[in-house]
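# Examination of the molecular architecture
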Amino acid sequence: MKFIAQRPVTIHSVRHDTRWFPFAYRHTDGCLLLYIECGYDAHFSPFFRLRSIDKGKTWIEDPVANVPRVCVAHSFNNGELLELDTYGILSSTQKDTYLLYAAWSHPGKPDDKVKKDFAKIYAPSFRPVSLETYLKHPAYPTFPWWDLFNLASGKKEAQASDIFLGGTCFTGVTEIDDGTLIGLGYWYLKKDPEIWKYAVGCFESNDRGKTWIEKSIVAYDPELPEGFDEATLVQLRDGRLYTVMRTGGHLYHTWSEDLGKTWKKPEQLKLIDSDIRPAKVWPICRKLDDGTLVLVYGRPGKHIIFDPSGTGEKWQGHFDLQKWELETQQMMGVPENLRLRGDTGDKCIRYWDSGDYLGLVIIGKREMLVFYDVQNFVENWNAYPVSGVRMVKLTLE
């Protein structure tokens, strides 16, 4: 088996703005939803959504912003879509409880009323972090979050010192047979208040995403560059839960045989057919109809691999999407000095090249689409540079 790729195409671009970090979902009504950040790589940058009803051939911009900065979405069988915001804010009245924006909608029924509300996360193992700490970084919360700040703090005009972020930042959600939602997210633990390394937690919801209860700590290791953070989640054919996680270095993975109550000790993800050691950010795993797993990840570069066993133990078939893009630019006559270079630190940084966060969606039994952002991107010999989103269609044969 191997990946067969079509040439990448630009599906969205702007000349005097920025587009970052696309991530994609296939909704239960068959449409594709593509979320794109419209701001630099910084906290509180908002997202917008594109939608396709023809498997990615054409895209329209949905005139919606149901939550300010979507971190994860989940499609229910009845066509309802759950969207969760990125930021949980500590409640002043409920111990270890965080409020965040949430929305329930039907993307295929634009005339239907969108239900917007606050979801709750009960996270006793995770510590609150003052907004003042976040304001020291390139971040500034704009209007959409002010009502949440006031509600959570119980103040009419909350100040930065009144606001504490925490709970979890969700990066993966799946639904098990009884309708329970299992979600993975990351944040800092209380038990090490002086250590700024992330841990991944497992959370459970029995009310369609309205309330989330901490179920277990999936992974924590302060010796790793970042700890464990961005985690993808899939339920395997045999019922086990499986996750691949970012650490700031190589990717790690682990399994749960009891729906998230306990997890095996994480181990580094390796390929069985090469010496490649997958790294570094935003792993996204999807399952094909026959159980085969497909995984994308990036930085530096853009990569896709597969596991035909469907177990997470036989990853193989590495395909270099960065190389594929560079070959495409060369074919289109783009001078070498204007092609993508990859976020390699000493040679290039992502702000003028690519964020290398990849989106992945399955569109057929063996067909999939991969998305990634490009900055100052020149598509052909006669093009001006843009910030945009590129899409590649692949078939696993």
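Residues numbered from 1 in each chain as written. Predicted model: local features only at pLDDT ≥ 70, side-chain atom pairs only at ≥ 80, totals over all residues. Heavy atoms only, no water.

Turning next to the overall build of the protein. The helix and strand inventory of the protein stands at three helices and 28 strands. Seen along its three principal axes, the alpha-carbon backbone of the protein occupies a region of about 60 × 45 × 45 Å. Of the contacts made within the protein by residues no fewer than 6 positions apart, 55% connect residues no fewer than 24 positions apart. Total accessible area on the protein stands at roughly 17300 Å², and carbon and sulfur atoms take up 50% of it. (Helix = DSSP H or I, 4+ residues; strand = E, 2+ residues; numbered from the N terminus. Contact = heavy atoms within 4.5 Å. Areas by Shrake-Rupley, 256 points an atom, 1.4 Å probe, with all protein chains shown as cover.)

With that out of the way, let us pick up the packing of aromatic side chains. Applying the stated rule across the entire model yields 29 aromatic pairs. Seen in terms of ring centroids, Phe3 and Phe306 are 5.4 Å apart; in terms of plane orientation they differ by 85°. Their pairing is edge-to-face. Linking Phe3 in strand 1 (residues 3-5) with Phe306 in strand 24 (residues 302-307), this pair joins segments that are 303 residues apart in sequence. A relative accessible area of 5% places Phe3 in the buried class. (Phe/Tyr/Trp six-rings, centres within 6.5 Å; stacked < 30°, edge-to-face > 60°. Buried < 20%, exposed > 50% of the residue type's maximum accessible area, 1.4 Å probe, protein only.)

This brings us to the side chain of Ser45. Mapped onto the secondary structure, Ser45 falls in the loop between strand 4 (32-37) and strand 5 (47-52). A residue is classified by how much of its surface remains accessible, and Ser45, at 10% relative accessible area, is buried. A distance of 2.9 Å separates the side chain of Ser45 from the backbone oxygen of Tyr40, its partner in a polar contact. Those residues in contact with Ser45 that sit more than four places away from it in its chain are Glu37, Gly39, Tyr40 and Arg69. (Polar contact = N/O pair within 3.5 Å; in protein donor to acceptor, adjacent residues only side chain to side chain.)

Another point: helix 3 (residues 321-331). Residues of helix 3 that are buried: Leu321, Gln322, Trp324, Glu325, Thr328 and Gln329. What you see down the axis of helix 3 is that its buried residues fit within an arc of 160°, all on one side. Exposed and facing more than 90 degrees away from the buried side of helix 3 are Lys323, Gln330 and Met331. Of the surrounding secondary structure, the elements contacted by the buried residues of helix 3 are strand 1, strand 24, strand 25 (316-320), strand 26 (358-362), strand 27 (367-377) and strand 28 (386-396). At the N-terminal boundary of helix 3, the capping side chain belongs to Asp320, with an oxygen 3.1 Å from the backbone nitrogen of Gln322. Looking one or two residues beyond helix 3, the residue adopting positive phi is Gly333, at roughly 85°. (Arc of directions from axis to C-beta.)

Within the fold, Glu194 resides in the loop between strand 15 (181-188) and strand 16 (198-205). Each C-alpha atom, one on Glu194 and one on Arg208, is 35 Å from the other, the two residues being 14 residues apart in sequence.

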